[in-house]
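Fold and geometry: a report
What follows is each chain in one-letter form.
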Amino acid sequence: MSSGKTIVWFRRDLRIEDNPALAAAARDGSVFPVYIWCPEEEGQFYPGRVSRWWLKQSLAHLEQSLKPLGAELVMIKTQSTLSALLDCIKATEATKVVVNRLYDPVSLVRDHSIEEKLAEVGISMQSYNGDLLYEPWEIYDDEGRAFSTFDAYWDKCLNMQMEPVSLLPPWRLMPAAVTGTVERCTIEGLGLENELEKSSNALLGRGCSPGWSNADKALTEFVEQDLFDYSKSRFKVGASSTSLLSPYLHFGEISVRKVFRCVRMKQILWRREWKSQGEESVNLFLKAIGLREYSRYLCFNYPFTHERSLLSNMKYFPWNADANHFKVWRQGRTGYPLVDAGMRELWATGWIHNRIRVIVSSFAVKFLLLPWKWGMKYFWDTLLDADLECDILGWQYISGSLPDGQELEQLDCPQIQGSKFDPEGEYVRQWLPELARMPIEWIHHPWDAPLTVLKAAGVELGLNYPKPIIDIDKAQEHLREAIFKMWEMEAAAKSTTSSQMNEDVFDNSDSIKTSAILKVIPKKKSSCLTYSSNDQRVPSFQNCNNGLLPRKRPLPVDEEKLHMDKPNKQNKEAGTSGREDLCSTAESSASKRQKSTSSTSTSIISFTVPQYCSSSDGRPFQDHESSNLNLTWHEKIDLEQTSNKNG
């Protein structure tokens, strides 16, 4: 063991087992573990209430886990991550900083900037893969291009001659001597939850157990009890039929390598025992793991995907920026029971089944034509397992913005979806008590029920349960019109281009005023609640220490063949030349940096979520949801109606 001093910078890797950065620092000498909380740098992706609650509990768990090993987790709240790191380096006389890599656009920018600044003062920043099975720059097609479809990407991953290996936790950590001053704080001092949030957060502890050791328990329980039936039970929206590992994976409380290895071992055993159902379940679960991998791959190789669609023709789609429709969807008052039940469960618990996520997001995008970026941001604000990369992948898939995404014209009827995934109506009754007495045959479409049935069930449409916000046929008509308009605008743009006239056509959501989206924040803002109208740019990686670059620009997509038909396997990787919308991280960054005055410059993003917006009659109003966390749904609705009436 050398005598070096190393800063171990924890981020979304809150574990001691299979933590490459921690293991490397332990081998090199003494360590100084630190977690830095800088709300100002989170910008528009400041974590939501339940996500911050999980983070707080996970940090407490990590702190208690490091103490027996001989080290103490130092927590710092600051306005500059770089300044905090420099203070730690000065106080400990450390010679390097180690981190596990992150792949979202905001973190890529921040890490690259910090690495450059540290290098200027002679401090190296070494990064490790603690989040993925395969690095984004390791998976390319035979021509060295980035994949733009999941199946091709995942097939390549599964055929890679590399097995993930987990690292054992260190037996002992040698703490670095501190000769200077570091302004550390307690977990409470980080300000991850304020007084208004604590009463609601207390309920989360009854069903959630953050922490890396609890992640191990959750994995073991799933593999031993639920994995075998996963292929049959994964669509049961009213039951705990999934692994529930997503928040643990997001915060790095368990490594994806450990999950992969554990599940593969079960698959080998079931294969020997000729248990085909178990094998099928493992393949489906590994595909879910693969989608998480692909979300990182997509964001790294196509770093603009949090701002605009991967398919450039979607920039012509006429989104309907209706703040009232957005509010009704968020509050679960659309009049479609399965959608409303899902949105109310999301607000109450911070979690919904993946199938319900697909249903509610599809309703927002295709029934209401709401910009997919609005839904993406709302999921980020409310999900317990909020994960930016997975969020981006899911919403781009639903909105038809990916080459292999859901067909844009596919409009799934919530009534049929309810009969399929909640056949007994138990899920709807759980989250919509006003419909608890509705018969099974009418539970998913109460608007069709006879008046006698509604009266017997105590349901008054338009009073204690809303009428459908839009008729299904009307929604189909609006969607069809929007698609035709998109085609017309695209054809006009191509015609203009062919006549050598320069006319830029942008995603219409870029021009939507930010006041059209509601921000969900407590009534009394704490100092840590900072929102920015700017987003970070993606850096060039040409000077990174690892020297690994995408070898060629990612393969563009033949969008003329992908207007409305789902691409077949022969077309999935077909390409056109010269598309600026599909470019690699390094290339897009290089062109942007030429216009940048500094490495931390930001670009104006297409949307933010402001605190106030205007009502339909032009009067400003404030969203009351977060300031009344303990109210029932009816009380919240009544409060809003009273507020609007009183002006």
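Just so it is clear, the structure is predicted and the values come from calculations on it, not from any experiment. (Residues numbered from 1 in each chain as written. Predicted model: local features only at pLDDT ≥ 70, side-chain atom pairs only at ≥ 80, totals over all residues. Heavy atoms only, no water.)

A few points about the pattern of salt bridges
- Within the structure shown, the criterion is met by 28 salt bridges.
- For the salt bridge of Glu188 with Lys56, the shortest nitrogen-to-oxygen distance reads 2.7 Å. Taken together, the residues span a long stretch of sequence, with Glu188 in the loop between helix H5 (150-158) and helix H6 (195-204) and Lys56 in helix H2 (residues 49-66) at a distance of 132 residues.
- Looking at Glu188, the relative accessible area reads 47%, which means it is partly exposed.
- Look at Lys56 and you get buried, because its relative accessible area is 8%. (Salt bridge = Lys/Arg side-chain N within 4 Å of Asp/Glu carboxyl O. Helix = DSSP H or I, 4+ residues; strand = E, 2+ residues; numbered from the N terminus. Buried < 20%, exposed > 50% of the residue type's maximum accessible area, 1.4 Å probe, protein only.)

Observations concerning the UniProt feature "site: Electron transfer via tryptophanyl radical" (unreviewed entry) in the protein
- The sites that UniProt annotates as "site: Electron transfer via tryptophanyl radical" (unreviewed entry) are Trp319, Trp372 and Trp395. Across 77 residues in sequence, these annotated residues keep their C-alpha atoms within 14.1 Å of one another, forming a single compact spot.
- Structurally, Trp372 is set in helix H15 (residues 372-382).
- Take Trp372: its relative accessible area is 1%, and that puts it in the buried class.
- Not counting residues up to four positions away in its chain, the partners in contact with Trp372 are Thr305, Arg308, Ser309, Trp319, Val365, Trp395, Gln396, Ser399 and Ser401.
- Structurally, Trp395 is set in helix H16 (residues 388-398).
- Residue classification places Trp395 among the buried positions, given a relative accessible area of 2%.
- Leave out the neighbours within four places in its chain, and Trp395 touches Trp329, Ser361, Ala364, Val365, Trp372, Gly375, Met376 and Phe379. (UniProt positions renumbered as here; feature names shortened; annotations may be inferred. Contact = heavy atoms within 4.5 Å.)

Notes on unusual backbone geometry
- The phi angle at Glu93 is positive, at roughly 60°, despite the residue not being glycine.
- Inspection of the secondary structure assignment puts Glu93 in the loop between helix H3 (81-92) and strand E4 (96-100).
- Overall, Glu93 belongs to the exposed group, its relative accessible area being 54%.
- The phi dihedral of Trp274 is positive, around 60°, even though this residue is not glycine.
- Tracing the sequence through the fold places Trp274 in the loop between helix H10 (256-272) and helix H11 (276-301).

Brief notes about helix H14 (residues 354-367)
- Compared with the 20 Å implied by 1.5 Å per residue over 14 residues, the 19 Å span of H14 between its first and last C-alpha is a close match.
- With 12 of its 14 residues buried, H14 lies for the most part within the structure.
- A positive backbone phi angle near 60° is found at Leu369, which sits one or two residues after H14. (Expected span 1.5 Å × (residues − 1).)

Observations regarding the sheet that holds strand E5 (residues 124-128)
- Across the sheet, which stays open at both edges, the 5 strands sit in the order E3-E2-E1-E4-E5 with parallel pairing between neighbours. Looking at strand neighbours, the two that pair on one side only are strand E3 (74-77) and E5, the edges of this open sheet. The mean inter-strand angle of the sheet, taken between neighbouring strand axes irrespective of direction, is 30°.
- In terms of strand pairing, strand E1 (residues 4-10) meets E4 through 3 bridges, oriented parallel. Opposite Val8, over in E4, you have Val98 as the bridge partner.
- On top of the sheet, H3 reaches E1, strand E2 (29-37), E3 and E4; it is set at about 155° to E1, its chief contact. (Pairing = 2+ DSSP bridges. Axes fitted to C-alpha atoms, helices over the stretch in contact; angles between N-to-C directions.)

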